[in-house]
Amino acid sequence: MNLLRLLTALFGLAPALLLAASLRCENHLISTGDSTHEVLGKCGEPASRDLLGYRERRDDWGFHHELVVEEWVYGPRNGMYYFLRFEGNRLVGIDSRRVQ
């Protein structure tokens, strides 16, 4: 019975998780995996850009690569700020917070 409740809860969260991975800019949609160039073209220049540091990543062949990690902030839009996280010029996360 507990497994059934857990599965129901997980499937109930699935739409919210999918929505968290995309953002509408005017009449364009950006989503995780988009490049910085695509996001700039669809959303324009962000309110701010912050260099968060670097992340080391190993590829399928064992080579190490250093990726630039950035956070771009858009907003406020209807009282919300949107925080976009890029690793190696690819969008990896979208977060939003309401302005108080």
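Anyway, here's the lowdown on the structure attached to this text. (Residues numbered from 1 in each chain as written. Predicted model: local features only at pLDDT ≥ 70, side-chain atom pairs only at ≥ 80, totals over all residues. Heavy atoms only, no water.)

As summarised here, the arrangement of the four strands in space is β3-β4-β5-β6, forming an open sheet in which the pairing is antiparallel. Of all the strands in the sheet, the pair left with one neighbour each is β3 (48-58) and β6 (90-98). The average angle at which neighbouring strand axes cross in this sheet is 20°, direction not considered. By the bridge criterion, ten bridges tie β3 to strand β4 (residues 64-77) in an arrangement that is antiparallel. Across the sheet, the residue bridging to Gly53 is Val69, located in β4. Strand contacts of helix α2 (residues 36-43): β3, β4, β5 (80-87) and β6, with the helix running at about 10° to β4, the strand carrying the most contacts. (Pairing = 2+ DSSP bridges. Helix = DSSP H or I, 4+ residues; strand = E, 2+ residues; numbered from the N terminus. Axes fitted to C-alpha atoms, helices over the stretch in contact; angles between N-to-C directions. Contact = heavy atoms within 4.5 Å.)

A word on the state of the cysteines. Applying the stated rule across the entire model yields one disulfide. Each sulfur of the disulfide joining Cys25 and Cys43 lies 1.9 Å from the other. With the S-S bond torsion at 85°, the cross-link from Cys25 to Cys43 turns out right-handed. Here the residue Cys25 occupies a position in strand β1 (residues 22-25), and Cys43 occupies one in helix α2, the gap between them amounting to 18 residues. Note on Cys25: relative accessible area 1%, which makes it buried. Residue classification places Cys43 among the buried residues on the basis of a relative accessible area of 14%. (Disulfide = S-S within 2.5 Å. Buried < 20%, exposed > 50% of the residue type's maximum accessible area, 1.4 Å probe, protein only.)

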